[in-house]
2 protein chains.
Amino acid sequence: PDQNPPGEAEPSWQLDKQRVLKVRSWRGKTFIDIREYYEKDGQQLPGKKGISLSASQWSKLKSIIPEVDKALEEI
Amino acid sequence: PDQNPPGEAEPSWQLDKQRVLKVRSWRGKTFIDIREYYEKDGQQLPGKKGISLSASQWSKLKSIIPEVDKALEEI
């Protein structure tokens, strides 16, 4: 669906206390949003730091993981 | 090493024309920077849109990929 029905949360995962990966649907396209959140009045709100990946950028990211991990070991 | 020697490029991969994943080392810690770049005077410069993941956030991201992909299929 283009949008989640009201009240239905978007699938999301904590990367740590303040970082969240969220699957979002907007104008018929799907995005993988990786973002910093902050707390205000007891609510978790999205901050400016972050990036929304398209499905194809997400696929590309997954495909390079072995190379990235190799670079991480060597650094 | 804490820093790449001058002239040695940080390992980086294009996610698409304007999006880059870069492995960086800063103050003895390693980061995975996912960021939008723009071109100015023939140079590719980092933009504001982006996020630097710590090694543990990167590990967490990798661990949730199967669940994220499942959510992407179902959305």
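Residues numbered from 1 in each chain as written. Chains lettered and ligands numbered in written order. Predicted model: local features only at pLDDT ≥ 70, side-chain atom pairs only at ≥ 80, totals over all residues. Heavy atoms only, no water.

Going by an unreviewed UniProt entry, chain A carries the name RNA polymerase II transcriptional coactivator and comes from Daphnia magna. The Sequence similarities (unreviewed entry) field of the UniProt record for chain A holds the comment "Belongs to the transcriptional coactivator PC4 family." UniProt annotates chain A under Subcellular location (unreviewed entry) with the comment "Nucleus". (UniProt positions renumbered as here; feature names shortened; annotations may be inferred.)

J.: Is there a simple way to explain the overall build of chain A in this structure?
T.: Of the regular secondary structure elements, chain A holds 1 helix and 4 strands. Out of the 75 residues belonging to chain A, those deemed buried represent 37%. A sequence separation of at least 24 residues applies to 10% of the contacts in chain A between residues at least 6 apart. Accessible surface computed for chain A: about 4,800 Å², of which carbon and sulfur atoms make up 47%. (Helix = DSSP H or I, 4+ residues; strand = E, 2+ residues; numbered from the N terminus. Buried < 20%, exposed > 50% of the residue type's maximum accessible area, 1.4 Å probe, protein only. Contact = heavy atoms within 4.5 Å. Areas by Shrake-Rupley, 256 points an atom, 1.4 Å probe, with all protein chains shown as cover.)

J.: What should I look at first to understand the interface of chain A and chain B in this one?
T.: Interface size is commonly expressed as the accessible area that is lost once the parts come together. Each partner contributes to the interface: chain A provides 34 residues, whereas chain B provides 34 residues. Summed over both partners, the interface of chain A with chain B buries about 3,100 Å², with 75% contributed by carbon and sulfur atoms. Our count for the chain A to chain B interface comes out at 2 salt bridges. Between B:Asp69 and A:Lys62 there is a salt bridge whose closest N-O contact spans 2.8 Å. (Buried area = accessible area lost by both parts, 1.4 Å probe. Salt bridge = Lys/Arg side-chain N within 4 Å of Asp/Glu carboxyl O.)

J.: I keep staring at the pairing of strand S1 (residues 12-16) of chain A and nothing clicks. Help me out?
T.: Sheet faces and side chains relate simply in a regular strand, where the side chains alternate between the two faces. Residue and element names in this part refer to chain A. As paired strands, S1 and strand S2 (residues 19-26) are joined by 4 bridges and run antiparallel to one another. Counted as the bridge partner of Gln14 is Val20 from S2. Linking S1 to S2, which pair antiparallel, is a turn of 2 residues. (Pairing = 2+ DSSP bridges.)

J.: Help me understand helix H1 (residues 55-74) of chain B, please; the structure alone is not making it clear to me.
T.: Residues that lie three or four places apart on an α-helix share one face, since the helix turns once every 3.6 residues. Residues and elements named next belong to chain B. The terminal C-alpha atoms of H1 lie 29 Å apart, and with 20 residues this matches the ideal 28 Å at 1.5 Å per residue to within 8%. Of all the bends in H1, the greatest reaches close to 50° and is centred on Ile65; the proline Pro66 follows between one and four positions later. Every buried residue of H1 is accounted for by Gln57, Trp58, Leu61, Ile64, Ile65, Val68, Asp69, Ala71 and Leu72. (Expected span 1.5 Å × (residues − 1). Bend = angle between axes of the 7 residues up to and from the residue.)

J.: Explain the side chain of A:Gln57 here, please?
T.: Its place among the elements puts A:Gln57 in helix H1 (residues 55-74). A polar side-chain atom of A:Gln57 sits 2.6 Å from a polar atom in the side chain of B:Asp16. Only 3.0 Å separates the side chain of A:Gln57 from the side chain of B:Arg19, close enough to count as a polar contact. Among residues more than four places away in sequence, those in contact with A:Gln57 are A:Ser52, B:Leu15, B:Asp16 and B:Arg19. (Polar contact = N/O pair within 3.5 Å; in protein donor to acceptor, adjacent residues only side chain to side chain.)

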